[in-house]
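Single-letter residue listing:
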Amino acid sequence: MGRPVVHRSPMPGLGLSMGITFTMLSIVVLLPIGALLLQGVSYGAEGIWATVNRERVWKALYLSFRLSFYAAVFNLIFGVILAWVLARYRFPGHRILDAAVDLPFALPTAVAGIALTALYAPNGFFGASWTHTIAPALNAGLAWPEAALNVLVTGLGFEPWSLQVPPRIAYSTMGIFIALVFVGLPFVARTVQPVIHEIDREVEEASATLGASRLHTLRRVVWPMLLPAALTGFALSLARAVGEYGSVIFIAGNKPLVTEIAPLLIVIQLEEFSYDGAAAIGIAMLVISFAMLLVINLIQVWSRRRIGYV
Amino acid sequence: MSDLSHATPARRFRAPTEEAPLARWLLIGFVTLALAVLVFAPLIAIFVEALSKGWEAAWKSLFSREALPAIKLTLTVAAIAVPLNAAFGIAAAWFITKFDFRGKAFLITLIDLPFSVSPVVAGLCIVLLFGANTAIGAWLVAHGFPIVFALPGIVLATVFVTFPFVARELIPVMIEQGRAEEEAALTLGASGWRTFLTVTLPNIRWALLYGVLLSNARAMGEFGAVAVVSGRRESATTMPLKIEMFYNEYQGATAFAMAGLLAFLALLTLLLKTWLENRHAGELSANRRGH
């Protein structure tokens, strides 16, 4: 009574296409990932925990996931605006902007890394004005709010907070943030843009006819339709940022405990031939990434169900 | 007879599905400025730095004894990895769209898996499977076919990170096109290969080219996965790795010259991609159309 795994079909090439698909999938993806998991199993949960549970590893993981989250949130907001402008408005230079959105996909990450570092280093085009003008001005402006805040904070018995911005963009967490924004830039825009093209304008007209303001229509009618695609883009952008290595290591300065990202720790462990250590951090990254993607997927399913829009 | 159009002053009608002109121009200005800072500025910076010592110096540094092998290796890797990827993409798309089987969604998830794995972790996985300290790796090294720290490892890492590209472009197009044309060809007596070559391939060629384009750009530019697998061996240094070496050896101009070459290739890729999107929109997957 069991259903066949593959239904009968007059199409030719079942064996060949299935063979190539499964052979390559196994050799390229499944076996290597299996090797990582196996290394983790032989190392044991305690071994993995002993590797991960060190200040340097925690700080690197926390830094990677925190900054990736910030960058993905930035890209979510900016990407939706970008998609809207590119899909709905026509203006001089539209096509150049539209093509430029994909540059982060096409440009090798190492190239992006040294380019961003050249721009944001203390002697770079943007970095110089930040270090000499913007950062001192911001810090001077923030001095008294910080003092006022800290009267309260220390009054409550906490350590004083710092609102000061770092004097440099490159070689600080701000540089990492900028690199992660760059590599994740196209994802949200490119997943949302086709959805905007497909929106039926009559829905917006109906909303307007019923007396909704434009802003109200955008918020209550258009945004819910874009949300699932925006979340997909957010998840892709986040996954990309968490794993990003090439562009970040140039701009980060790679100071242990401060600007050292998790993928770099894996590379350092491998250079020391500590395969167990590298595998432990790799597995920790995989597990956290998949947990995050699962949560995003669940939110997506929920929003689709609530809105009833595929 | 009064003409109503004269009764009201001429005022441009704003459709209820448009934003106010001011809001619109503010948004356009904001997006343009943001892209100028985020995307155009780095691009300009590459070429400014690359040409800081003049055209000739940049050109010469690309043809130096240090740089040339890296360029050659990158081209070799792409020349192997991209066709492998295209072959896999076509086979997977054929299998997924021409047959009905259980677990199709799961298979697609597995194919997409490399997108959610860090390239560094991908490289690590390959080292753990084929490294000289593993059973398979030791056997391969003993038989004169080392994978890690050599060309096969770099190719494998490159295929991993570009794995879904071609399949992802082909699957939606082939689903849309259905099976009727192939079924007709088969009914008329064409062989399987002939059906594929004369019916399917012409229908998917632009989508295939699109996937190959993306795959090639990533293959030539991959850094993290290749860095791990190459182990910083001089003989296994691709262009992106060479950029890092030059950069760390304070040969900034040389690093940027090579970066400029890769950036030029990236621009070429974008140009071709835009052309495909405009010219052959109907034959690409739906989300690539109508920008």
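## Details of the overall build of chain B
Okay, step 1: Helix and strand content of chain B: 14 helices and zero strands.
Okay, step 2: Ordering the α and β elements of chain B from the N terminus gives α-α-α-α-α-α-α-α-α-α-α-α-α-α.
Okay, step 3: For 291 residues, the compact-globule estimate of 2.2 N^0.38 gives 19 Å, and chain B exceeds it by more than 25% at 25 Å.
Okay, step 4: Relative to its 291 residues, chain B shows a buried fraction of 46%.
Okay, step 5: Taking all contacts inside chain B whose residues are at least 6 apart in sequence as the whole, residues at least 24 apart take part in 74%.

## Let's talk about the overall build of chain A
Okay, step 1: Helix and strand counts for chain A come out as 12 helices and zero strands.
Okay, step 2: Going from the N terminus to the C terminus, chain A shows its helices and strands as α-α-α-α-α-α-α-α-α-α-α-α.
Okay, step 3: Projected onto its principal axes, the C-alpha positions of chain A cover 75 × 65 × 45 Å.
Okay, step 4: Considering chain A as a whole, with its 310 residues, one finds that 42% of them fall into the buried category.
Okay, step 5: Across chain A, every contact between residues at least 6 apart in sequence was considered, and the portion connecting residues at least 24 apart equals 78%.

## Remarks on the packing of helix 1 (residues 14-52) of chain A against helix 4 (residues 67-98) of chain B
Okay, step 1: Their axes nearest at 8 Å, the elements helix 1 of chain A and helix 4 of chain B cross at an angle of 125°. Judged by the angle between their axes, helix 1 of chain A and helix 4 of chain B are oblique. Relative to helix 4 of chain B, helix 1 of chain A is oriented so that their crossing is left-handed. Contact residues: A:Ser17, A:Met18, A:Ile20, A:Thr21 and A:Met24 in helix 1 of chain A; B:Ala87, B:Phe88, B:Ala91, B:Ala92, B:Trp94 and B:Phe95 in helix 4 of chain B.
Okay, step 2: Class assignment for the residues of the contact of helix 1 of chain A with helix 4 of chain B results in nine nonpolar, two polar and no charged.

## Some words on the confidence of the model for chain B
Okay, step 1: Across chain B, pLDDT averages 90, with 95% of residues at or above 70.
Okay, step 2: Predicted complex metrics record ipTM = 0.89 and pTM = 0.91.

## Some points on unusual backbone geometry
Residue and element names in this part refer to chain B.
Okay, step 1: The phi torsion at Arg232 lies on the positive side, around 55°, for a residue other than glycine.
Okay, step 2: The class for Arg232 is partly exposed, based on 14 C-beta atoms found within 10 Å.
Okay, step 3: Its identity is not glycine, yet Tyr250 carries a phi of approximately 60°, on the positive side.
Okay, step 4: Assignment of secondary structure puts Tyr250 in the loop between helix 13 (239-248) and helix 14 (252-279).
Okay, step 5: Accessibility expressed as a C-beta count within 10 Å gives 9 for Tyr250, which makes it exposed.

## As for the environment of B:Cys125
All names here are of chain B.
Okay, step 1: Looking at the secondary structure, you find Cys125 in helix 6 (residues 119-130).
Okay, step 2: Note on Cys125: 31 C-beta atoms within 10 Å, which makes it buried.
Okay, step 3: Sequence spacing of Cys125 and Ala157 is 32 residues, and the spatial spacing of their C-alpha atoms is 9.3 Å.

## Let's talk about the domain arrangement of chain B
All names here are of chain B.
Okay, step 1: On domain assignment, one finds that chain B holds domain 1 (18-50) and domain 2 (55-288).
Okay, step 2: Each of domain 1 and domain 2 was reduced to a C-alpha centroid, and the two centroids are 30 Å apart.
Okay, step 3: Contacts between the two partners involve five residues from domain 1, matched on the other side by seven residues from domain 2.

## Some details on helix 7 (residues 173-198) of chain A
Residues and elements named next belong to chain A.
Okay, step 1: In a regular helix each residue adds 1.5 Å, so 26 residues correspond to 38 Å; helix 7 covers 39 Å between its end C-alpha atoms and thus fits that length.
Okay, step 2: Gly184 marks where helix 7 bends most, by close to 45°; the proline Pro186 follows one to four residues later.
Okay, step 3: Of all 26 residues in helix 7, 20 are buried; the element is thus mostly enclosed.

## Side note on the environment of A:Ile48
Okay, step 1: When you line up the elements, A:Ile48 lands in helix 1.
Okay, step 2: The residues contacting A:Ile48, other than those within four sequence positions of it, are A:Gly40, A:Tyr43, A:Ala280 and A:Ile283.

## With respect to the nonpolar core
Okay, step 1: Counting residues in each nonpolar core, the largest one holds 176 residues, and the members touching the most others are A:Val111, A:Ile114, B:Leu124, B:Leu170 and B:Ala259.
Okay, step 2: Considering every element that reaches this core, the biggest residue donor is helix 4 of chain B, with 17 residues.
Okay, step 3: When neighbours within four sequence positions are excluded, B:Leu170 is seen to be in contact with B:Gly89, B:Ile90, B:Ala93, B:Ile204, B:Ala207, B:Leu208 and B:Gly211.

## With respect to the packing of helix 8 (residues 201-209) of chain A against helix 9 (residues 214-243) of chain A
Packed helices, taken two at a time, are described by their axes: the angle between them and the distance between them.
Residues and elements named next belong to chain A.
Okay, step 1: In the contact formed by helix 8 and helix 9, the axes pass within 10 Å of each other and the chain directions differ by 135°. Relative to helix 9, the element helix 8 is oriented oblique. With respect to the hand of their crossing, helix 8 and helix 9 are arranged in right-handed fashion. Contacts between helix 8 and helix 9 involve Val203, Glu204, Ser207 and Ala208 from the former and Thr217, Val221 and Val222 from the latter.
Okay, step 2: Class assignment of the residues belonging to the contact of helix 8 with helix 9 gives a composition of four nonpolar, two polar and one charged.

## Here we look at the environment of B:Ile175
Okay, step 1: Here B:Ile175 lies in helix 9 (residues 164-177).
Okay, step 2: A C-alpha to C-alpha distance of 9.6 Å links B:Ile175 and B:Ser285, two positions 110 residues apart in sequence.

Definitions and limits used
Residues numbered from 1 in each chain as written. Chains lettered and ligands numbered in written order. Predicted model: local features only at pLDDT ≥ 70, side-chain atom pairs only at ≥ 80, totals over all residues. Helix = DSSP H or I, 4+ residues; strand = E, 2+ residues; numbered from the N terminus. Rg over C-alpha atoms; globule rule 2.2 N^0.38 Å. Buried ≥ 20, exposed ≤ 12 C-beta atoms within 10 Å, placed from the backbone. Contact = placed C-beta atoms within 7 Å. Axes fitted to C-alpha atoms, helices over the stretch in contact; angles between N-to-C directions. Parallel < 35°, antiparallel > 145°, perpendicular 65-115°, else oblique. Left-handed = near helix turned anticlockwise from the far one by under 90°. Nonpolar A, V, L, I, M, F, W, Y, C, P; charged D, E, K, R; others polar. pLDDT = per-residue confidence, 0-100. Domains from an automatic or database assignment. Expected span 1.5 Å × (residues − 1). Bend = angle between axes of the 7 residues up to and from the residue. Core = buried A, V, L, I, M, F, W, Y, C linked by C-beta atoms within 7 Å.

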